[in-house]
Amino acid sequence: MMGDTSTTTVIEGQVTVTGEATEVTLQNLQVDGGGCFSVALEVAGGAQVTSQQDVVVINAAGGECPIFLDGFELGNTLAWSSTVP
(Lines give C-alpha, C1' and ligand atoms only; values in the text may rest on other atoms or scores of the structure.)
Protein backbone atom coordinates (compact mmCIF):
# COMPACT_ATOMS: atom_id res chain seq x y z
CA MET A 1 0.00 0.00 0.00
CA MET A 2 1.59 3.25 -1.07
CA GLY A 3 0.24 6.75 -0.85
CA ASP A 4 1.50 10.22 -1.70
CA THR A 5 2.13 11.32 1.93
CA SER A 6 0.63 10.42 5.30
CA THR A 7 -1.08 13.82 5.40
CA THR A 8 -2.74 13.50 1.98
CA THR A 9 -3.41 9.74 1.79
CA VAL A 10 -5.84 8.82 4.56
CA ILE A 11 -7.64 5.49 4.90
CA GLU A 12 -10.66 5.82 7.19
CA GLY A 13 -11.70 2.68 9.04
CA GLN A 14 -9.83 -0.48 9.88
CA VAL A 15 -7.10 -2.05 7.75
CA THR A 16 -6.31 -5.74 8.19
CA VAL A 17 -3.51 -7.50 6.34
CA THR A 18 -3.77 -11.27 6.70
CA GLY A 19 -2.65 -14.42 4.99
CA GLU A 20 0.16 -16.87 5.43
CA ALA A 21 3.30 -15.84 3.53
CA THR A 22 1.78 -12.43 2.64
CA GLU A 23 4.40 -9.67 2.52
CA VAL A 24 3.32 -6.04 2.49
CA THR A 25 5.06 -2.70 2.13
CA LEU A 26 3.31 0.25 3.80
CA GLN A 27 4.45 3.69 2.76
CA ASN A 28 3.21 7.30 2.94
CA LEU A 29 -0.25 6.77 4.40
CA GLN A 30 -2.40 7.42 7.45
CA VAL A 31 -4.94 4.99 8.90
CA ASP A 32 -7.67 6.77 10.86
CA GLY A 33 -9.72 4.32 12.93
CA GLY A 34 -12.23 7.07 13.77
CA GLY A 35 -12.32 5.90 17.37
CA CYS A 36 -14.35 2.84 16.32
CA PHE A 37 -11.73 0.13 16.43
CA SER A 38 -9.35 -0.98 19.17
CA VAL A 39 -6.81 -1.76 16.43
CA ALA A 40 -6.92 0.40 13.31
CA LEU A 41 -4.04 -1.37 11.50
CA GLU A 42 -3.70 -5.11 12.10
CA VAL A 43 -1.26 -7.57 10.58
CA ALA A 44 -2.27 -11.17 11.34
CA GLY A 45 -2.45 -14.74 10.10
CA GLY A 46 1.21 -15.06 9.18
CA ALA A 47 1.37 -11.85 7.15
CA GLN A 48 4.44 -9.65 7.49
CA VAL A 49 5.13 -5.96 6.91
CA THR A 50 8.46 -6.03 5.11
CA SER A 51 8.91 -2.27 5.00
CA GLN A 52 7.17 0.81 6.36
CA GLN A 53 7.89 4.48 5.92
CA ASP A 54 5.77 7.51 6.90
CA VAL A 55 2.90 5.38 8.25
CA VAL A 56 0.67 7.02 10.88
CA VAL A 57 -2.14 5.27 12.77
CA ILE A 58 -4.58 7.49 14.70
CA ASN A 59 -7.89 7.25 16.57
CA ALA A 60 -7.74 3.56 17.48
CA ALA A 61 -9.80 3.86 20.65
CA GLY A 62 -12.42 1.13 20.33
CA GLY A 63 -15.38 3.38 21.03
CA GLU A 64 -18.79 3.55 19.40
CA CYS A 65 -18.90 3.68 15.64
CA PRO A 66 -22.11 5.27 14.36
CA ILE A 67 -23.44 4.22 10.98
CA PHE A 68 -25.56 7.35 10.60
CA LEU A 69 -23.98 10.73 11.29
CA ASP A 70 -27.35 12.45 11.91
CA GLY A 71 -27.95 11.00 15.37
CA PHE A 72 -30.32 8.23 14.26
CA GLU A 73 -28.75 5.76 16.72
CA LEU A 74 -29.65 8.16 19.53
CA GLY A 75 -33.32 8.32 18.51
CA ASN A 76 -33.13 11.55 16.49
CA THR A 77 -35.24 10.74 13.45
CA LEU A 78 -35.84 14.35 12.34
CA ALA A 79 -33.49 13.94 9.37
CA TRP A 80 -35.45 10.96 8.08
CA SER A 81 -38.53 11.08 5.90
CA SER A 82 -41.03 8.42 4.85
CA THR A 83 -41.34 9.95 1.40
CA VAL A 84 -39.10 9.33 -1.56
CA PRO A 85 -38.47 12.26 -3.92
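Please refer to the structure placed before this passage.
Along every chain, residues carry numbers that run from 1 in the direction the sequence is written. Side-chain atom pairs in this predicted model are given and counted only at pLDDT of 80 or more, local residue features only at pLDDT of at least 70, and totals for whole chains, interfaces and linings cover all residues. Side-chain numbers here rest on the full set of heavy atoms in the structure, without hydrogens or water.

*Asks:* For this particular structure, what's the right way to read the overall build of the protein?
*Replies:* Of the regular secondary structure elements, the protein holds zero helices and five strands. Runs of H or I in DSSP of at least four residues are treated as helices and runs of E of at least two as strands, each being numbered from the N terminus. Moving toward the C terminus, one meets the helices and strands of the protein in the order β-β-β-β-β. Only heavy atoms matter for contacts: two residues are in contact if any of them lie within 4.5 Å across the pair. Sequence-distant contacts in the protein: of pairs separated by 6 or more residues, those separated by 24 or more amount to 65%. Under the convention used here, a 1.4 Å probe and the Shrake-Rupley method define accessible areas, while residue burial counts only the protein chains that appear. If you sum the accessible surface of the protein, you get close to 5,900 Å²; carbon and sulfur atoms cover 53% of it.

*Asks:* Sorry, what's going on with the nonpolar core here?
*Replies:* When a protein is soluble and globular, its nonpolar side chains tend to lie buried together. Ranked by size, the top nonpolar core spans eight residues in total: Val 15, Val 17, Val 24, Leu 26, Leu 29, Val 31, Ala 40 and Ala 47. Elements that contribute at least two residues to this core include exactly β2 (15–18) and β3 (23–32). For this core, the leading source of residues is β3, giving four residues. Apart from the residues lying within four places of it in its own chain, the contact partners of Ala 40 are Gly 13, Gln 14, Val 15, Val 31, Gly 33, Val 57, Ile 58 and Ala 60. Working definition of a nonpolar core: buried Ala, Val, Leu, Ile, Met, Phe, Trp, Tyr and Cys residues. They are joined through side-chain atoms within 4.5 Å. Relative accessibility thresholds used throughout: buried, under 20% of the residue-type maximum; exposed, over 50%; partly exposed, between the two (1.4 Å probe, protein chains only).

*Asks:* Is there a simple way to explain the sheet that holds β3 in this structure?
*Replies:* The strands making up a sheet associate through backbone hydrogen bonding, with each pair oriented either parallel or antiparallel. Strands are treated as partners if at least two bridges between them are detected by DSSP. Taking strand neighbours across the sheet as the criterion, the three strands line up as β1-β3-β5 in an open arrangement whose pairing is parallel. The strands lining the two open edges of the sheet, one partner per strand, are β1 (10–12) and β5 (48–58). Taking the axes of each pair of neighbouring strands and ignoring which way they run, one obtains an average angle of 40° across the sheet. The axes are straight lines fitted to the C-alpha atoms, using for helices just the contacting stretch, and the angles between their N-to-C directions are given from 0 to 180°.

*Asks:* In this structure, what is going on with unusual backbone geometry? I would like to understand it.
*Replies:* Generally, phi is negative for residues other than glycine and the peptide bonds are trans, each holding for most cases. Despite not being glycine, Asn 28 has its phi angle at roughly 60°, a positive value. When you line up the elements, Asn 28 lands in strand β3. Judged by relative accessible area, Asn 28 falls into the buried class, the value being 15%. The phi dihedral of Asp 54 is positive, around 55°, even though this residue is not glycine. With respect to the helices, strands and loops of the structure, Asp 54 is situated in strand β5.

*Asks:* I keep staring at the pairing of β3 and nothing clicks. Help me out?
*Replies:* It is a general feature of regular strands that their side chains alternate between the two faces of the sheet. β3 sits mainly inside the fold: eight of its 10 residues count as buried. Pairing geometry for β1 and β3, over three bridges, is parallel. Bridging from a neighbouring strand, Glu 12 pairs with Asp 32 of β3.

*Asks:* Can you help me understand the side chain of Ser 6 in this one?
*Replies:* Of note, Ser 6 is situated in the segment before β1. Not counting residues up to four positions away in its chain, the partners in contact with Ser 6 are Asn 28, Leu 29, Gln 30, Asp 54 and Val 56.

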